[in-house]
Amino acid sequence: MKKTHKFKYLPDKSFRQFIKGLVGSHRVYGPVEKDGHPAFGQISAPDDLVLSERPTHLSAKEFLFPQREVLLRFNMRSATHIPVIEAERQVLIGLHPCDIKGLSLMDRVFAGGVADPNYLARREHTIVIGADCMPDEYCFCQSLGNSEANEGFDLFLHRVSKGFLVRTGTEKGGELLLKHAEVREPSEKELKDLEERKKKRDSSFRAKIEASPAELPSIYARSDESAVWEKIGAICTGCGSCNNVCPTCYCFDVKDEVRPNLVEGERVRTWDGCTLEDFAKVAGGHNFRKTRAERLRHRFNRKFRYLSSTFDSLFCVGCGRCSRACLVKINIVDVTNELIHQSNGR
Amino acid sequence: MNSYIKATDDSLHAMTRGMESPYLPFLGMVERSMRVSEKERFFSVAPSNESMLDYRPGQFFMVGLPGYGEAPISITSAPGEKRIELCIRAVGNLTNALHRLHKGDRMWLRGPFGRGFVLDELSGKDIIFVAGGIGIVPMRSLLKAVLAKKERFGKLTLIYGSKTPEEILFAEEMDGWRRDGMDVQLTVDKADAGWKGNTGVVTTLIPRVGVKDRNTLGVIIGPPVMYRFVILSLKAKGLGPEEIYMSLERRMKCGVGKCGHCQISSVYVCQCGPVFKMSEITGLPEAL
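Residues numbered from 1 in each chain as written. Chains lettered and ligands numbered in written order. Predicted model: local features only at pLDDT ≥ 70, side-chain atom pairs only at ≥ 80, totals over all residues.

Participant: Which residues make up the overall build of chain B, and what are the values?
Facilitator: For chain B, the count of helices and strands is eight helices and 16 strands. Against the 2.2 N^0.38 benchmark of 19 Å for 288 residues, chain B shows a C-alpha radius of gyration of 20 Å, consistent with a compact globule. Dimensions of chain B along its principal axes, counting C-alpha atoms only, are 70 × 40 × 35 Å. Expressed as a percentage of the 288 residues in chain B, the buried residues total 46%. Considering only intrachain contacts with a sequence separation of at least 6, the fraction spanning at least 24 residues in chain B is 69%. (Helix = DSSP H or I, 4+ residues; strand = E, 2+ residues; numbered from the N terminus. Rg over C-alpha atoms; globule rule 2.2 N^0.38 Å. Buried ≥ 20, exposed ≤ 12 C-beta atoms within 10 Å, placed from the backbone. Contact = placed C-beta atoms within 7 Å.)

Participant: Go over the domain arrangement of chain B with me, naming the residues and quoting the values.
Facilitator: Structurally, chain B comprises domain 1 (24-113), domain 2 (119-247) and domain 3 (248-288). Taking only C-alpha atoms into account, the centre of domain 1 of chain B sits 24 Å from that of domain 2 of chain B. (Domains from an automatic or database assignment.)

Participant: If you had to explain the interface of chain A and chain B to someone new, which residues and values would you point to?
Facilitator: Quoted interface sizes are often the accessible area lost when the parts come together. Each side of the interface is counted separately: chain A has 47 residues, and chain B has 42 residues. Elements supplying a minimum of two residues to the side of chain A that touches chain B: strand S4 (68-75), strand S5 (80-87), helix H3 (117-124), strand S10 (252-258), helix H9 (292-306) and helix H10 (308-311) of chain A. Residue contributions to the side of chain A that touches chain B peak at seven residues, all from S5 of chain A. The residue inventory of the side of chain A that touches chain B, partitioned by class, reads 26 nonpolar, nine polar and twelve charged. (Nonpolar A, V, L, I, M, F, W, Y, C, P; charged D, E, K, R; others polar.)

Participant: Give me helix H2 (residues 97-111) of chain A: which residues, what numbers.
Facilitator: All names here are of chain A. Over its 15 residues, H2 extends 21 Å from the first C-alpha to the last, a length consistent with the 21 Å expected when each residue adds 1.5 Å. Across the 15 residues of H2, eleven count as buried, placing the element largely inside the fold. Within H2, burial applies to Pro97, Cys98, Asp99, Ile100, Lys101, Gly102, Leu103, Leu105, Met106, Val109 and Phe110. As for H2, its buried residues are in contact with strand S6 (90-95), H3, strand S7 (126-131) and H10. Of the residues one or two after H2, Gly113 is the one with positive phi, at around 60°. (Expected span 1.5 Å × (residues − 1).)

Participant: Give a description of the pairing of S5 of chain A that names residues and reports values.
Facilitator: Residue and element names in this part refer to chain A. As paired strands, S4 and S5 are joined by four bridges and run antiparallel to one another. When the bridges of S5 are listed, Phe74 appears paired with His81. Counted between consecutive antiparallel strands, the loop separating S4 from S5 contains four residues, among which Ala79 sits at a positive phi close to 55°. (Pairing = 2+ DSSP bridges.)

Participant: Before we move on, could you go through the environment of Phe205 of chain A and cite the residues and values that matter?
Facilitator: All names here are of chain A. Its location among the elements puts Phe205 in the loop between helix H5 (188-202) and helix H6 (216-221). On the basis of neighbour count, Phe205 is assigned to the partly exposed category, with 18 C-beta atoms found within 10 Å. Along the chain, Phe205 and Val282 lie 77 residues apart, while their C-alpha atoms are 43 Å from each other. Not counting the four nearest positions on each side in its chain, Phe205 is found in contact with Pro135, Cys139, Phe140 and Gln142.

Participant: Please provide a residue-by-residue account of the sheet that holds strand S8 (residues 126-132) of chain B, values included.
Facilitator: Residue and element names in this part refer to chain B. Sheet architecture is open: seven strands sit in the order S11-S10-S9-S8-S12-S13-S16, paired in mixed fashion. Every interior strand has two partners, whereas the edge strands, strand S11 (198-199) and strand S16 (275-277), have only one. Judged from the seven bridges that link them, strand S9 (residues 156-162) and strand S10 (residues 182-188) form a sheet pairing that is parallel. By the bridge assignment, Tyr160 is partnered in S10 with Leu186.

Participant: Describe the sheet that holds strand S6 (residues 84-89) of chain B, and please don't skip the residues or the numbers.
Facilitator: Residues and elements named next belong to chain B. Strand order in the open sheet formed by six strands is S5-S4-S7-S2-S3-S6, and the pairing between neighbours is antiparallel. Edge strands, defined here as strands with exactly one partner in the open sheet, are strand S5 (69-74) and S6. Across the sheet, the mean angle from the axis of one strand to that of its neighbour is 40°, orientation sign disregarded. Where strand S4 (residues 60-65) meets S5, six bridges bridge the pair, whose relative direction is antiparallel. Bridged to Gly64 within S5 is Glu70. (Axes fitted to C-alpha atoms, helices over the stretch in contact; angles between N-to-C directions.)

Participant: Tell me about the environment of Asn301 of chain A, residues and numbers included.
Facilitator: Residues and elements named next belong to chain A. Within the secondary structure, Asn301 sits in helix H9. Residue class for Asn301 comes out buried when judged on the 23 C-beta atoms lying within 10 Å of it. Taking the C-alpha atoms as reference points, Asn301 and Arg289, twelve residues apart in sequence, are found 14 Å from one another. Excluding anything up to four places from it in sequence, Asn301 contacts Tyr220 and Tyr306.

Participant: Describe in detail the confidence of the model for chain B, supporting the description with residues and values.
Facilitator: Interpretation of the predicted coordinates at a detailed level should be avoided for regions scoring low in pLDDT. Residues and elements named next belong to chain B. Taken as a whole, chain B shows an average pLDDT of 92; of its residues, 93% reach a score of 70 or greater. Note that pLDDT drops below 50 for residues 1-15; the model gives that stretch 24 contacts with residues more than four away or on any other chain. Overall fold confidence for the complex sits at a pTM of 0.92, while the interface term, ipTM, reaches 0.90. (pLDDT = per-residue confidence, 0-100.)

Participant: Tell me about unusual backbone geometry, and please be specific about residues and values.
Facilitator: Each neighbour pair has its own omega, and for Gly111 of chain B with Pro112 of chain B the value is 0°, a cis peptide bond. Checked against the element boundaries, Pro112 of chain B lands in strand S7 (residues 106-113). Note the cis peptide between Gly273 of chain B and Pro274 of chain B, where omega equals 5°. Residue placement: Pro274 of chain B occurs in the loop between helix H7 (269-272) and S16. The backbone of Lys329 of chain A shows a phi angle near 60°, a positive value even though the residue is not glycine. Look at Lys329 of chain A and you get exposed, because 10 C-beta atoms sit within 10 Å. At Phe170 of chain B, a residue that is not glycine, the phi angle is positive and equals roughly 60°. Following the sequence through the fold, Phe170 of chain B ends up in the loop between S9 and helix H5 (174-179). Accessibility expressed as a C-beta count within 10 Å gives 19 for Phe170 of chain B, which makes it partly exposed.

This is the structure in structure tokens:
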């Protein structure tokens, strides 16, 4: 019996068929061109999809943990409520390894401890199709060991000449591929092509963290008193962009929205951000993180230290989105390297 | 629980039906609503779900009203009582709306949440309870639980500080507490003409409490600004990090360790707390 390869070759023409098939049976979201930049949007035809090698501005978290979602609908007069779970069958396509790692960390958060049915219902009905990328000057997933996705996807598309080498991550993904596309075993030439592209990508990373991922929690633990926090706190505008674009920032606010009839309404969950001023403020007015320096220290520590023991992973995936989005050019790699230097200098 | 809407197919219904959403409130029927000071109102609430009466002193509910949201509110009744008692200060939209509730009205409750006091850990000890302001509200739950089994404890002292004599809560219950053997000492920041007691912050009373070697625990519940000073006073009395308990206040939106607001380092106060032993938060820069 001939052993089948872990890759299947999907020619460009068949790829278009595949997308058509997906669009016919699911809502499909993937990178589209928006003002000259790749951004996740809905795909209704193969031409909408722009499998960009560049990172999207926002991560894919919004499709599992939307910026705004309804938890329940209520009636103020009767004090009754109806639970709401918004979920639809969806395919997320064109996710880079950092996006995939981000989703797998969100899975750990929302499935762990007291499980979150709203998130899990979405997750259950979501198919993830990964795609290759090329690092820009902010990308540093390689430094954190996340430059290749080995799990967390149903299918992964590796670009080669005139088509893709498709890796199957789950049975569900494999079935989907066979249902909507014609694939064949890859040729030696195609496999070699992939190998060369991978080499080129591996050598293209410019941003680098100067310590191993395993060392970072303890380096951060030694840095509570570092002057770095005051330095970046002095320029931070507290805009919360870093929280919004981060694939693993999952903090949320819950508030009630009342309809104009003043009887019915919805309890909604929205993204919140620990860099925003009121995030840790209690009703009496006391703010447990009064300064921007304290709030930034909290955010950076959440990525590299606070959650690492609970979830057995760093919570930074190395996508560089926070640095890319920062209005005052606070760079997560530079900050971390400065802490590493200070820590080693002791 | 199973009337989900906007679910797009049957399998989704099937999948979520068995899962209990932690975000869905239960009804609480207000049986008593009583203004007890200028800013505080006392409620006795019958919960629609009996299991909500299974709580420890120090735990809290997410108390809400449709249209006004939710906030973490301490329990002031003691385990074993048939009603949940709350004492709520009006400081914002939600709490002002709660103040408009009267007998027969309904509020929403989720919980109880958090780690409360474990009476077995405290038994056999002398205990100094230090309450400031509405810190007396959760403290009352613990005091009542301890006094109900007072033979298991040593000398009990309550030091309770308020801004003014009018703001003292549960004054009418204190004679009973004294009869049960607790030394109740009150102090106010600002005395009025009728005030005969102590004037000054709570720490002015701590040095006067007699402490037997290594057999005394301290419990602190009060406004954030109070903790550092009370800890210093208790340390001066010889109490160590294993002997000081405290309940920490934080902003909370979920109660189940997800929303992030109550996080101190790797600690989620809503689950790991709000009750902590001093030793558990030593070294966490933002704890106090």
